[in-house]
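Geometric and topological summary
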Amino acid sequence: WTKNRQGAQYFMGDINGGKEFFYKTDFSQLKWLQLYADGARQQLVFNCFNTDSDGTRLSLYNGDEVDTFRGRYKKSTKISSTDECSCELVKNMGLRKECKDNEWHSAVYDVRTNKTDVLPITDVLLFDVGNRDSQFGIELGEVCFS
């Protein structure tokens, strides 16, 4: 948990002491899967309580970063989302729902790619964390190579 409200923060890098997400596989196994698979997919769920998901970015295994709002990374990777945490999305849809309503919501990001070296996700850049009365959680799904 963080009380730091200074702009964007990496979930693992800044809040959890400079680490990346841990995957139970060794380097050679991951490289083999990346090399011989035609595609890969992974899901990340951002659970939010009075926290806005606008601007959320995913750090990828190849070192690049992708903006979840754009929905694409280069031509090879698509990110689809169901986002109940975005205040901007709520405004753009013309809904009268308050985005910070003292209830839990979720933003689900599905990453699908034919550039297998971009997965797994290594970190998440968050912009609206550390505020009073806000909480969040991250659920990281398995990487599926096919």
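1. Describing the overall build of the protein
For the protein, the count of helices and strands is three helices and 10 strands. Secondary structure elements of the protein, listed N to C terminal, follow the sequence β-α-α-β-β-β-β-β-α-β-β-β-β. In the protein, buried positions account for 41% of the 146 residues. Of all intrachain contacts in the protein linking residues separated by at least 6 positions in sequence, the fraction that spans at least 24 positions is 79%.

2. Quick notes on the packing of aromatic side chains
Given two aromatic rings, one states the distance between the centres and the angle between the planes to describe the pair. Following the criterion strictly, the structure yields three aromatic pairs and no others. Centre to centre, the rings of Trp32 and Tyr36 are 5.1 Å apart; their planes meet at 45°, and the pair counts as tilted. Taken together, the positions of Trp32 and Tyr36, both in helix H2 (residues 27-36) and four residues apart, correspond to about one turn of that helix. Accessibility classification places Trp32 together with Tyr36 in one group, the exposed group.

3. Regarding the sheet that holds strand E1 (residues 9-10)
Read across the open sheet, the four strands follow the order E1-E8-E3-E4; overall the sheet is antiparallel. Two strands lie at the open edges of the sheet, namely E1 and strand E4 (65-67), each paired on one side alone. As judged from the two bridges shared by E1 and strand E8 (residues 121-126), these two strands associate in the antiparallel manner. In the sheet register, Gln9 faces E8, and the bridge partner there is Leu126.

4. Quick notes on the pattern of salt bridges
Applying the stated criterion across every chain, the model contains two salt bridges. The salt bridge involving Glu65 is made with Arg57; its shortest N-O contact spans 3.9 Å. The class for Glu65 is partly exposed, based on a relative accessible area of 33%. The class for Arg57 is partly exposed, based on a relative accessible area of 30%.

5. Looking at a nonpolar patch on the surface
Together, Trp32, Leu35 and Tyr36 line one region of the surface with nonpolar side chains, adding up to about 420 Å² of accessible area. Topologically, Leu35 is positioned in helix H2.

6. Brief notes about the pairing of strand E7 (residues 104-113)
Sheet faces and side chains relate simply in a regular strand, where the side chains alternate between the two faces. Residues His105, Ala107, Tyr109, Val111 and Thr113 of E7 are buried on one face, while the alternating residues Trp104, Ser106, Val108, Asp110 and Arg112, pointing to the opposite face, are not. Sheet topology note: the strand E2 (residues 40-49)/E7 ladder contains 10 bridges and is antiparallel. Along E7, the bridge assignment pairs Arg41 with Arg112. In the sheet, strand E6 (residues 77-83) pairs with E7 via seven bridges, with the strands oriented antiparallel. Its bridge partner being in E7, Ser81 is matched across the sheet by Tyr109.

7. Some details on the nonpolar core
Among the nonpolar cores identified, the biggest contains 23 residues, and Phe11, Phe46, Leu58, Ile121, Val124 and Leu126 are the most heavily contacted of them. Residue assignment for this core shows that the elements contributing at least two residues are helix H1 (11-15), E2, strand E3 (57-60), E7 and E8. The biggest single contributor to this core is E2, with four residues.

8. So, unusual backbone geometry
That bond from Leu119 to Pro120 is cis: its omega, 15°, falls within 30 degrees of zero. Checked against the element boundaries, Pro120 lands in the loop between E7 and E8. Its identity is not glycine, yet Lys74 carries a phi of approximately 50°, on the positive side. Tracing the chain through its elements places Lys74 in the loop between strand E5 (72-73) and E6. Backbone geometry places Asn102, a non-glycine residue, at a positive phi of 60°. With respect to the element layout, Asn102 can be found in the loop between helix H3 (87-92) and E7.

The rules behind each value
- Residues numbered from 1 in each chain as written.
- Predicted model: local features only at pLDDT ≥ 70, side-chain atom pairs only at ≥ 80, totals over all residues.
- Heavy atoms only, no water.
- Helix = DSSP H or I, 4+ residues; strand = E, 2+ residues; numbered from the N terminus.
- Buried < 20%, exposed > 50% of the residue type's maximum accessible area, 1.4 Å probe, protein only.
- Contact = heavy atoms within 4.5 Å.
- Phe/Tyr/Trp six-rings, centres within 6.5 Å; stacked < 30°, edge-to-face > 60°.
- Pairing = 2+ DSSP bridges.
- Salt bridge = Lys/Arg side-chain N within 4 Å of Asp/Glu carboxyl O.
- Patch = residues over 30% accessible without salt bridge, like charges linked within 9 Å, V, L, I, M, F, W, Y side chains within 5 Å.
- Areas by Shrake-Rupley, 256 points an atom, 1.4 Å probe, with all protein chains shown as cover.
- Core = buried A, V, L, I, M, F, W, Y, C linked by side-chain atoms within 4.5 Å.

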